[in-house]
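Secondary and tertiary structure notes
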Amino acid sequence: MRILRLTSAVEKRLLAARKSRDVQAEKVAAAIIADIRRRGDAALLFWTKKLDGINLARQGMWVSHHEIEEAQKNVGADFLRAMKHAMVNVRKVAEKQLPRNWSMEVEPGVSIGQRVRPIETIGCYIPGGKSTLLSTLVMTAVPAQVAGVKRIVAVCSRPNHELLAAAGILGVSEVARIGGAQAIAALACGTKTIPRVDKIFGPGNRFVTAAKQLVSYHCAIDLPAGPTEAIVIASRGNPRWIAADLLAQSEHAADAGIILVTTSARLAREVRRKVDEQLKRLPETNSSRVSLKTHGVILLAASEDAALEFVNRFAPEHLSLPQGGAATLRKISAAGTVFVGPWAAQPLGDYASGSNHVLPTGGWARSRGGLSAADFVKCISVQTVSRKGFQRLAADVRVLARAENLLAHENAVAVRE
């Protein structure tokens, strides 16, 4: 990892790199989406074979109930215990996040309420590239179930035994062997085989993220959850632990963005040394080797305030404060999720702490947080007005309608007087 002074020029470069549109990914995704719309299943089979090397005509697009049952028999007891532990915690948090029905009388005769209703059908995108992220099924399906979603369709290009076992535990019976931009297009547009969903959930690579943004014109999406980002702010602490957290997120993909911000040149050097040591123990094919070289950086800040100001402008997906407490946390205004204290290893949040790991990237954390049960429902406002309430509102509404020159609005009130 490079060690650089955190100057305005360095910050500008780092922020600008994320602002640029991924024109190539958008172009590829747009072509795939257009083909899926035009040719449906035939295009889905074509792109899956071309990009993933999977022959769906031979293997079948849908995973069978028998495969799911067999998968549950072929995984170990340790895995089943760990998976159920993660599900319990994610469910507890989702239940806390779920919006509630409420009603209130805003003035005599005028009552406003909220009715919470689940989205009918959702699609869960499970990354299945170099590794199948079965934890994403937990992070999307569990809050959907808490919200009361009736139909959950999961897609993954390479659903392994562990993913299918998790699907079996969750009762998710519709799992399709598709991935990439073609899976997003199929979920958004619908084909003869794949149902059109109301909203798509789950992270993905640059092509998946581009596809989600392109289909969002006619199908809702959760959030732009693209290439992984992680920042650690520390001026002291255990360099081996800090290095391990940086490495953990860097292995997600070759374009993962990994940053340590520190005021200590000594800690910067120690962390870099520990990163190199731990990297040597990882397989040659591990994505960390590329991501740390191309997107990994250690920034030397002039002060803790300068470090925090940079982080809030960057708005990272993951943020660790290994030496921070409540005072530091109060200064954080933009991050997908924050890990506080030296024991809060980032992978705990990826799997089992209960917090959702589907998080905003690319600076989107400036305007929204991570996935929650609230993303799986619609909050419908209900207005109940009595004659008395109408009489209290009518005159002022007519005045406001005339001010906007909306005479039919005024008339709809006047005819009732």
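Starting afresh in each chain, residues are numbered from 1 along the sequence in its written order. Reporting of local features is limited, given that this is a predicted model, to residues whose pLDDT is at least 70; pairs of side-chain atoms are given and counted only at 80 or more, and all residues count toward the totals for whole chains, interfaces and linings. Neither water nor hydrogens contribute to the side-chain values; these are computed over all heavy atoms in the structure.

Taken together, the five strands give an open sheet; going across it, the order is β6-β5-β4-β7-β8, and neighbouring strands pair in parallel fashion. Because the sheet does not close on itself, it has two edges, and the strands there are β6 (174-176) and β8 (220-221). Pairing analysis gives three bridges linking strand β4 (residues 121-125) to strand β7 (residues 199-201), with the strands arranged parallel. The residue of β7 that forms the bridge with I122 is K199. Residue contacts follow a heavy-atom distance rule, with two residues in contact if any of their heavy atoms lie within 4.5 Å. The convention used is that axes are lines fitted to C-alpha atoms, helices contributing only their stretch in contact, and that angles between N-to-C directions extend from 0 to 180 degrees. Numbering goes from the N terminus for both helices and strands, where a helix is a DSSP run of H or I of at least four residues and a strand is a run of E of at least two. Set on the sheet, helix α9 (residues 180-189) makes contact with β4, β5 (151-155) and β7; between it and β4 the angle comes to about 175°. A pair of strands is labelled paired if DSSP reports no fewer than 2 bridges between them.

Examined against the element boundaries, R368 turns out to sit in the loop between α16 (346-351) and β14 (377-385). Linking R368 and A335, residues 33 residues apart in sequence, is a C-alpha distance of 8.8 Å. If near-sequence neighbours (up to four positions away) are discounted, R368 is found in contact with D222, L223, P360 and D375. N or O atoms within 3.5 Å of each other form a polar contact, as long as, within protein, one can give a hydrogen and the other can take it, and as long as residues adjacent in sequence are counted only when both atoms are side-chain atoms. A distance of 3.1 Å separates a polar side-chain atom of R368 from the backbone oxygen of D222. Polar contacts involving the side chain of R368 include one to the main-chain carbonyl oxygen of G370, which spans 3.2 Å.

It is worth spelling out empty space enclosed by the protein at this point. In this analysis the probe radius is 1.4 Å and the grid spacing 1 Å, with only protein atoms considered; a cavity is a set of points the probe fits into but cannot get out of, a pocket is an open set with protein on both sides within 12 Å along at least five of seven lines, and lining residues have an atom within 4 Å of a point. Grid points are joined across faces, edges and corners, and a volume is the space filled by probe spheres set on the points. Under the definition given, this model contains one cavity of 30 Å³ or more. Approximately 40 Å³ is the volume attributed to the largest cavity. Lining of the largest cavity is provided by V90, V93, A94, Q97, P143, G354, S355, N356, L371 and S372. Ranked by the residues each element gives to the lining of the largest cavity, the list is headed by helix α6 (residues 77-97), at four residues. Partitioned by chemical class, the residues of the lining of the largest cavity number five nonpolar, five polar and no charged. Classification convention: Asp, Glu, Lys, Arg as charged; Ala, Val, Leu, Ile, Met, Phe, Trp, Tyr, Cys, Pro as nonpolar; all other residues, Gly among them, as polar.

Here the focus is unusual backbone geometry. For A315, which is not glycine, the phi torsion reads 55° and is therefore positive. The topology assignment puts A315 in the loop between α14 (304-314) and β12 (318-321). Burial here depends on accessible area, computed with a 1.4 Å probe over protein chains only, as a share of the maximum for the residue type. Under 20% is buried, over 50% is exposed, and the range in between is partly exposed. What makes A315 buried here is its relative accessible area of 0%. A positive phi is found at N405, a non-glycine position, where the angle reads about 60°. With respect to the helices and strands, N405 occurs in the loop between α17 (387-403) and α18 (407-414).

In this section: a nonpolar patch on the surface. By definition, no residue in a patch forms a salt bridge, and every one has over 30% relative accessible area; like charges are joined within 9 Å, nonpolar side chains (Val, Leu, Ile, Met, Phe, Trp, Tyr) within 5 Å. Only the protein chains shown count as cover for residues, with accessible areas throughout obtained via the Shrake-Rupley method and a probe of 1.4 Å. When a carboxyl oxygen of Asp or Glu is within 4 Å of a side-chain nitrogen of Lys or Arg, the pair counts as a salt bridge. On the surface, W102, M104 and V106 cluster together into a nonpolar patch covering about 290 Å² of accessible area. As for its position among the elements, W102 is in strand β2 (residues 102-107).

Look at α9 against helix α10 (residues 206-215): their axes get within 8 Å of each other, and the N-to-C directions meet at 25°. Here α10 runs roughly parallel to α9, going by the angle between their axes. Seen from above, α9 lies across α10 with right-handed handedness. Contacts between α9 and α10 involve G180, A181, I184 and A188 from the first element and F207, V208, A211, K212 and V215 from the second. Orientation is classified from the angle alone, with under 35 degrees giving roughly parallel, over 145 giving roughly antiparallel, 65 to 115 giving roughly perpendicular, and any other angle giving oblique. Should the near helix be turned anticlockwise from the far one by less than a right angle, the crossing is left-handed, and should it be turned clockwise, the crossing is right-handed.

The next thing to look at is the side chain of S264. Among the secondary structure elements, S264 is positioned in the loop between β10 (257-262) and α12 (265-279). Residue classification places S264 among the buried positions, given a relative accessible area of 17%. Engagement of the side chain of S264 in a polar contact is seen with the backbone nitrogen of L267, the distance being 3.0 Å. Filtering out sequence-adjacent residues up to four positions away, S264 remains in contact with S235 and L300.

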